[in-house]
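# A structural walkthrough
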Amino acid sequence: MCGEYKCEIDEVRKNGRLRQNIFTNLQIIRKMKKLTLSVIITLFILKLGCAQTSEIQKLNLDFEQVENNYPSKWKSFGNNDYSIHVDSIDVQNGSFSAVIEGQGGKSDFKALAINLPHNYRGKLIRVSGYIKTENVTNGYAGLWVRIDPGIGFDNMSDRGITGTTDWKEYEITLQLNPEKTDNIVFGGLLVGNGKMWLDNLQVSIDGKDLDDENLEIHTRKILPAEKDKEFDNGSNITFPELTNKTTSDLELLGRIWGFLKYHHPEIAKGNYNWDYELFRILPEYLKAENNQERDKTIASWIEKYGVLSICKACEPTSPNAVSKPDLSWIDNSDLSNSLKSTLHEIYNNRNQEENYYIKLNQYVGNPEFTSENAYSNMPYPDSGFRLLALYRYWNIIAYFSPNKHLTDKKWDIVLKEYIPKFINAKDELEYELAAIQVIGELHDTHANLWGGRNKIDELRGNNYAPFKAEFVENQLVVTDYFNPELSELSGLRIGDVITHINGKSVGLIIDSLEIYYPSSNKASMLRDISADLLRSKKSTINLKYISDNQEREIEIALYESNQLDMYQWYKVNNDDKCYKLLDGNIGYITLANIKEEDIPEIKKSFKNTKGIIIDIRNYPSTFVPFALGSYFVSEPTAFVKFTRGNPNNPGEFISFEGIKIASDDNRYKGKLAVLVNEKSQSQAEYTAMAFRAVHNSTIIGSTTAGADGNVSSVLLPGGLRTMISGIGIYYPDGTETQRIGIVPDIMVKPTIEGIKNGRDEVLEKAIEIINR
């Protein structure tokens, strides 16, 4: 009668309303004496019904199902110095909420996770839930969603919840790709210290909840590339000694492998696991004793994938393309003429359909490198997989980075240089170091290295100085206290200049470390390095420093992050309003904690002010270029131009106009000052560009991080992950912003004297400009 659903008779007995139903049915029984008792019971059960269990209940998204004080059906992962339990007192809805709480140990992360039971047809998935926090520091709380394999990921890292906050609904929306989705997993996440509550999660597909009868389950076709498991446990590749000739041949193979991956129609269909095809060709390729044998191996390899049809849809590269495909490497190589002709023929008849390995985001146009396997089961990949990592990354940049032309080193020479580093990496750490160095060659502050066992971070240590030090006037200066009491014990004061760390000058340390800090420019590189200079695996660190013009030396104690009120780039107090009125009738707005609902009130409150200062020395918590920008323009105003790649002609980048800022017909009449510095990155830079387009605006501060444009994730063997700026960002006149950043109209930087006296010299300059 109940199918897959269960009748809970015990619950019927416990529920008062249902007890009334029992009494009513007993009266029916007395009147219907001819019916047998069994029939009556059957009718009774039918009347009560076997209430169908909703998907929310099946998945326990409301955390009402509890076993041993733990939310049933949920899994967890992350550091063990956190506890997960349920709370029956502090709830948003129902009887229980889930709690993730730091236990005072090592500051890391902990996540709750659950898998959706099906793959669904649709375009967008929305996951929402209510979160409450208490004293979240050194990280954030949030939701997270991942669509495997590598299709979509969001963990709210750019808008995480910090501090102490009351219940509020948050959401993540990701683009679906049912044809390629293996699994959808989501949950709650706590990074750093503190406590978070999670309750009342909801999931919808294109606006339909999981119980909607119109929601379609999708069973996707498994392509041949996915069925190929031959090398899941290792490549079985053994490399000979790397002579210059061997390295040059491996460079050539990497170019051809990447070229075929993004151009050959049969590979684009997903008919071949292109990673494993590399491992099939490598043994014979390495045996070749001369160019003729090498070329014969390559020719046979290419023939394996069939004869190409004439491409009628292939168009020549647009004469207006910002960047054009460069196939000169084919003609400049020592390949035979027939092989060169074969490669040119493949280009002329290249894939024009969907590509299994690359697509563009349907909304923004940044590349999405679908179907790439991170091989997380092998933290230290063998030499074949390490070479694969280099081939994959190098070709992604070669064909789909909008900023490849901005590298200091010509990208063409990078591949050969790094082949020995990847093949000869003797352990996980050396492999990670090789990976982060080649990533650094792109000079993109968006890029870094995450995942794996994070041996680099382990090397840096988890003990920290009790104060913050940053580069001011090109010197490492104490700028704030993470813990005033512990900082006082150290003997260093705000404004003191650190000259040596463990006997080495700060300058020499920077010179030795900068290759491991991917960055667009020096300002962002120093920003990132400064956060790691005063950390160690040891419990103390020796410092030489200058205080009150006196050279001093001291051994200071280091502490775990949970003992310190640490922050990375800037402080945010989410309990404070994001706007206030300064002396002199000047409005001040920080975007660090701005909310959408603040914007109408800002426009109303600051209407009659002399000027407005917008502080973007942070990462905006809400996207405001249009909602707030509309207050400052009287007509549609252009502020940005983009470039994006073309999977149908890899290496081609086309320029297109961005959306203009529309006026809300209530234009602000006063002056606008915008504050920026090296902590202004990505969305912050994009926002500064929007305000720069405003009449009567002035950008004040110092050069920004120089990394703008929606990011694209890149997975590498060993469970590693990096990112690139996926679209090019330009001013309307074509001026580039990548690496350059947003250059202020008035350059103002903090001074050591200003730091000592607690002054904000950039803000002071903005007030001065408005008061002129």
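Anything mentioned here points back to the structure above.
These remarks concern the structure in this document.

Cut-offs used in this document
Once a new chain begins, its residue numbering starts again from 1 and follows that chain's sequence as written. Per-residue local features are limited, in this predicted model, to residues with pLDDT of at least 70; the limit for side-chain atom pairs, both in listing and counting, is 80 or more; totals at the level of whole chains, interfaces and linings are taken over all residues. Here the side-chain values reflect all heavy atoms present in the structure, with hydrogen atoms and water set aside. Strand pairing is assigned whenever DSSP detects at least two bridges linking the two strands. For the purposes of this entry, the term helix denotes a DSSP run of H or I that reaches at least four residues, the term strand denotes a run of E that reaches at least two, and both are numbered from the N terminus. Note on definitions: salt bridges are taken to be side-chain nitrogens of Lys or Arg within 4 Å of carboxyl oxygens of Asp or Glu. Three labels apply to residues, based on accessible area from a 1.4 Å probe with only protein chains included: buried if under 20% of the type maximum, exposed if over 50%, partly exposed otherwise in between. Orientation is described by lines fitted to C-alpha atoms, with helices fitted over the stretch in contact, and by angles between N-to-C directions that extend from 0 to 180 degrees. A patch consists of residues whose relative accessible area exceeds 30% and which take part in no salt bridge; residues with like charges are grouped when within 9 Å of each other, and nonpolar side chains (Val, Leu, Ile, Met, Phe, Trp, Tyr) when within 5 Å. The accessible surface values rely on the Shrake-Rupley method and a 1.4 Å probe; as for residues, cover is taken only from the protein chains in view.

## Brief notes about the sheet that holds strand S15 (residues 463–464)
Read from one edge to the other, the open sheet built from three strands follows the order S20-S15-S23, with strand pairing classed as antiparallel. In this open sheet, the two strands that pair with only one neighbour each are strand S20 (535–536) and strand S23 (559–560).

## Considerations on the pattern of salt bridges
Counting across every chain of the model gives 46 salt bridges. Linking Asp228 and Arg280 is a salt bridge whose minimum nitrogen-to-oxygen distance equals 2.8 Å. Separated by 52 residues along the polypeptide, Asp228 in the loop between helix H5 (224–227) and helix H6 (244–263) and Arg280 in helix H8 (residues 274–287) bring together distant segments of the chain. A relative accessible area of 16% means that Asp228 is categorised as buried. On the basis of relative accessibility, which here comes to 29%, the residue Arg280 falls in the partly exposed class.

## Remarks on unusual backbone geometry
Phi angles above zero are rare outside glycine, and Asn135 is one such case at about 55 degrees. Relative to the helices and strands, Asn135 is located in strand S7 (residues 124–148). One non-glycine residue, Asn502, lies in the positive phi region at around 50 degrees. Looking at the element boundaries, Asn502 is found in the loop between strand S18 (497–501) and strand S19 (504–505).

## So, the sheet that holds strand S33 (residues 728–730)
Read from one edge of the open sheet, three strands run S28-S27-S33, paired in antiparallel fashion. What marks the edges here is a single partner per strand, and that holds for strand S28 (653–657) and S33. Adjacent strand axes in the sheet meet at a mean angle of 25 degrees, parallel and antiparallel pairs treated alike. Inspection of the sheet shows strand S27 (residues 641–645) paired to S28 by five bridges, in the antiparallel sense. Bridged to Lys641 within S28 is Glu657.

## Focus on a nonpolar patch on the surface
Taken together, the side chains of Ile740, Val743 and Met747 present a nonpolar region at the surface, about 250 Å² in accessible area. Note that Ile740 resides in the loop between S33 and strand S34 (746–747). Ile740 sits in the partly exposed class, given a relative accessible area of 42%.

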